[in-house]
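Listed below are the residues making up each chain.
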Amino acid sequence: MAMAVSEGLTQMDVLATEALGLDGDGWEVESCEFDAAREELSVSLNFTGQRSTCGTCGRRECKVYDTQTSKQWRHLNFLHCRTILRAASHRVSCPTCGVRAAQLPWARKRSSYTLAFEYLVARLSANRLPLSAVADLVEEPYARIRRVAAHYGGHG
Ligand SMILES: [Zn+2]
(Lines give C-alpha, C1' and ligand atoms only; values in the text may rest on other atoms or scores of the structure.)
Protein backbone atom coordinates (compact mmCIF):
# COMPACT_ATOMS: atom_id res chain seq x y z
CA MET A 1 0.00 0.00 0.00
CA ALA A 2 1.48 3.35 -1.01
CA MET A 3 1.64 6.05 1.62
CA ALA A 4 2.79 9.62 1.65
CA VAL A 5 5.89 10.05 3.78
CA SER A 6 5.91 13.28 5.74
CA GLU A 7 9.17 15.06 6.27
CA GLY A 8 10.85 14.22 9.55
CA LEU A 9 9.30 10.78 9.85
CA THR A 10 11.76 7.93 10.17
CA GLN A 11 11.31 4.60 8.42
CA MET A 12 10.24 3.19 11.78
CA ASP A 13 7.55 5.86 12.18
CA VAL A 14 6.22 5.08 8.70
CA LEU A 15 6.22 1.36 9.42
CA ALA A 16 4.40 1.92 12.73
CA THR A 17 1.80 4.14 11.03
CA GLU A 18 1.08 1.48 8.43
CA ALA A 19 1.06 -1.36 10.94
CA LEU A 20 -1.49 0.49 13.08
CA GLY A 21 -3.67 1.41 10.10
CA LEU A 22 -3.77 5.04 11.19
CA ASP A 23 -3.59 6.63 7.78
CA GLY A 24 -6.36 9.15 7.23
CA ASP A 25 -8.21 9.37 10.56
CA GLY A 26 -6.36 12.29 12.14
CA TRP A 27 -3.87 10.24 14.15
CA GLU A 28 -0.24 10.05 13.26
CA VAL A 29 2.89 8.56 14.72
CA GLU A 30 4.87 11.28 16.42
CA SER A 31 7.84 9.19 17.46
CA CYS A 32 9.07 5.65 18.06
CA GLU A 33 11.54 5.04 20.84
CA PHE A 34 13.27 1.82 21.66
CA ASP A 35 14.38 1.13 25.22
CA ALA A 36 17.06 -1.50 24.75
CA ALA A 37 17.40 -2.28 28.45
CA ARG A 38 13.68 -3.06 28.78
CA GLU A 39 13.35 -4.39 25.22
CA GLU A 40 10.35 -2.14 24.87
CA LEU A 41 9.17 -0.14 21.89
CA SER A 42 7.20 2.99 22.69
CA VAL A 43 5.10 4.54 19.91
CA SER A 44 3.78 8.04 20.59
CA LEU A 45 0.71 9.11 18.63
CA ASN A 46 -0.55 12.59 18.02
CA PHE A 47 -4.02 13.67 16.91
CA THR A 48 -4.02 16.46 14.36
CA GLY A 49 -7.65 16.36 13.20
CA GLN A 50 -10.38 18.89 13.93
CA ARG A 51 -13.22 16.36 14.02
CA SER A 52 -13.58 12.91 15.50
CA THR A 53 -16.06 10.14 16.36
CA CYS A 54 -18.16 10.21 19.54
CA GLY A 55 -17.18 7.32 21.82
CA THR A 56 -20.71 7.06 23.22
CA CYS A 57 -23.00 6.99 20.17
CA GLY A 58 -20.51 6.54 17.33
CA ARG A 59 -21.55 9.73 15.56
CA ARG A 60 -18.80 10.77 13.16
CA GLU A 61 -17.46 14.24 12.42
CA CYS A 62 -18.03 15.69 15.90
CA LYS A 63 -16.00 18.77 16.76
CA VAL A 64 -12.97 18.15 18.95
CA TYR A 65 -13.62 19.74 22.37
CA ASP A 66 -10.37 19.31 24.30
CA THR A 67 -7.42 17.01 24.87
CA GLN A 68 -7.02 14.68 27.84
CA THR A 69 -3.88 13.59 29.63
CA SER A 70 -1.71 11.00 27.95
CA LYS A 71 -2.50 7.30 28.39
CA GLN A 72 -0.86 4.12 27.28
CA TRP A 73 -2.03 0.87 25.74
CA ARG A 74 -0.23 -2.44 25.40
CA HIS A 75 -0.06 -3.44 21.75
CA LEU A 76 1.04 -6.61 19.96
CA ASN A 77 4.75 -7.26 20.26
CA PHE A 78 6.70 -5.81 17.40
CA LEU A 79 9.82 -7.73 16.37
CA HIS A 80 9.56 -9.64 19.67
CA CYS A 81 9.58 -6.44 21.72
CA ARG A 82 6.89 -5.40 24.13
CA THR A 83 5.15 -2.50 22.39
CA ILE A 84 3.33 0.37 24.05
CA LEU A 85 1.20 3.03 22.37
CA ARG A 86 1.09 6.42 24.05
CA ALA A 87 -1.43 9.08 23.16
CA ALA A 88 -3.39 11.94 24.61
CA SER A 89 -6.99 11.09 23.81
CA HIS A 90 -9.50 13.86 23.27
CA ARG A 91 -13.13 14.67 23.91
CA VAL A 92 -15.65 15.69 21.29
CA SER A 93 -18.67 17.92 21.46
CA CYS A 94 -21.39 15.57 20.19
CA PRO A 95 -24.72 17.18 19.14
CA THR A 96 -26.56 14.18 20.66
CA CYS A 97 -24.55 13.28 23.77
CA GLY A 98 -22.74 16.49 24.72
CA VAL A 99 -19.05 16.43 25.63
CA ARG A 100 -17.84 12.82 25.50
CA ALA A 101 -14.59 10.91 25.08
CA ALA A 102 -13.81 10.34 21.42
CA GLN A 103 -13.68 6.83 20.04
CA LEU A 104 -10.11 5.69 19.56
CA PRO A 105 -9.41 3.67 16.42
CA TRP A 106 -7.16 1.22 18.28
CA ALA A 107 -8.87 0.49 21.62
CA ARG A 108 -12.16 -0.06 23.43
CA LYS A 109 -13.28 2.43 26.00
CA ARG A 110 -11.44 2.01 29.31
CA SER A 111 -9.24 -0.82 28.04
CA SER A 112 -5.50 -0.56 28.52
CA TYR A 113 -4.90 -2.93 25.59
CA THR A 114 -5.26 -2.29 21.89
CA LEU A 115 -7.99 -4.10 19.94
CA ALA A 116 -5.30 -6.08 18.11
CA PHE A 117 -3.85 -7.24 21.44
CA GLU A 118 -7.30 -8.14 22.77
CA TYR A 119 -8.03 -10.05 19.58
CA LEU A 120 -4.89 -12.13 20.14
CA VAL A 121 -5.97 -12.89 23.73
CA ALA A 122 -9.50 -13.78 22.54
CA ARG A 123 -8.13 -16.07 19.82
CA LEU A 124 -5.76 -17.84 22.21
CA SER A 125 -8.42 -18.37 24.85
CA ALA A 126 -10.93 -19.56 22.21
CA ASN A 127 -8.43 -22.28 21.36
CA ARG A 128 -8.91 -23.75 24.84
CA LEU A 129 -5.52 -22.60 26.03
CA PRO A 130 -5.95 -22.06 29.79
CA LEU A 131 -6.14 -18.35 30.64
CA SER A 132 -3.20 -18.69 33.01
CA ALA A 133 -1.14 -19.93 30.04
CA VAL A 134 -2.40 -17.05 27.87
CA ALA A 135 -1.44 -14.57 30.62
CA ASP A 136 2.04 -16.16 30.85
CA LEU A 137 2.46 -16.08 27.10
CA VAL A 138 1.62 -12.39 26.70
CA GLU A 139 3.22 -11.46 30.05
CA GLU A 140 0.21 -9.71 31.55
CA PRO A 141 -1.56 -10.20 34.89
CA TYR A 142 -4.05 -13.09 34.91
CA ALA A 143 -6.92 -10.96 36.28
CA ARG A 144 -6.67 -8.49 33.42
CA ILE A 145 -6.42 -11.18 30.76
CA ARG A 146 -9.44 -12.86 32.30
CA ARG A 147 -11.45 -9.63 31.93
CA VAL A 148 -10.47 -9.33 28.27
CA ALA A 149 -11.39 -12.96 27.56
CA ALA A 150 -14.72 -12.53 29.39
CA HIS A 151 -15.53 -9.45 27.30
CA TYR A 152 -15.14 -11.51 24.12
CA GLY A 153 -17.18 -14.39 25.50
CA GLY A 154 -14.25 -16.63 26.34
CA HIS A 155 -14.00 -18.93 29.31
CA GLY A 156 -12.47 -17.66 32.52
ZN1 LIG B 1 -22.60 11.03 20.78
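It is worth spelling out the overall build of the chain at this point. The helix and strand tally for the chain stands at four helices and six strands. In the chain, the order of α-helices and β-strands from amino to carboxyl end is α-β-β-β-β-β-β-α-α-α. By the compact-globule yardstick of 15 Å for 156 residues, the chain fits well, its C-alpha radius of gyration being 17 Å. Classification of the 156 residues of the chain by burial places 25% in the buried group.

Looking now at the packing of helix α3 (residues 131–138) against helix α4 (residues 142–151). Between α3 and α4, whose axes approach to 9 Å, the crossing angle comes to 115°. As summarised for this structure, α3 and α4 are arranged roughly perpendicular, according to the angle between their axes. The two elements α3 and α4 cross, and the hand of that crossing is right-handed. Residues Leu 131, Ser 132, Val 134, Ala 135 and Val 138 of α3 form the contact with α4, whose participating residues are Tyr 142, Ile 145, Arg 146 and Ala 149. Class assignment for the residues of the contact of α3 with α4 results in seven nonpolar, one polar and one charged.

By the bridge criterion, four bridges tie strand β5 (residues 81–94) to strand β6 (residues 98–101) in an arrangement that is antiparallel. Of the residues in β6, the one forming a bridge with Val 92 is Arg 100.

This brings us to the nonpolar core. If you look at the biggest cluster of nonpolar residues, it comprises 28 residues, and the most contacted ones within it are Val 43, Leu 45, Val 121, Val 134 and Ile 145. Looking at this core, the elements that each hand over two or more residues are β1 (27–35), β2 (40–47), β4 (62–78), β5, α2 (115–126), α3 and α4. Lining this core are residues from two domains, each supplying at least three of them: domain 1 (11–105) and domain 2 (113–156).

Okay, the domain arrangement of the chain next. Domain assignment breaks the chain into domain 1 (11–105) and domain 2 (113–156). Between the C-alpha centres of domain 1 and domain 2 the distance comes to 22 Å. In terms of residue count, β4 provides more of the side of domain 1 that touches domain 2 than any other element does, four residues in total.

Rules of the game
Residues numbered from 1 in each chain as written. Predicted model: local features only at pLDDT ≥ 70, side-chain atom pairs only at ≥ 80, totals over all residues. Helix = DSSP H or I, 4+ residues; strand = E, 2+ residues; numbered from the N terminus. Rg over C-alpha atoms; globule rule 2.2 N^0.38 Å. Buried ≥ 20, exposed ≤ 12 C-beta atoms within 10 Å, placed from the backbone. Axes fitted to C-alpha atoms, helices over the stretch in contact; angles between N-to-C directions. Parallel < 35°, antiparallel > 145°, perpendicular 65-115°, else oblique. Left-handed = near helix turned anticlockwise from the far one by under 90°. Contact = placed C-beta atoms within 7 Å. Nonpolar A, V, L, I, M, F, W, Y, C, P; charged D, E, K, R; others polar. Pairing = 2+ DSSP bridges. Core = buried A, V, L, I, M, F, W, Y, C linked by C-beta atoms within 7 Å. Domains from an automatic or database assignment.

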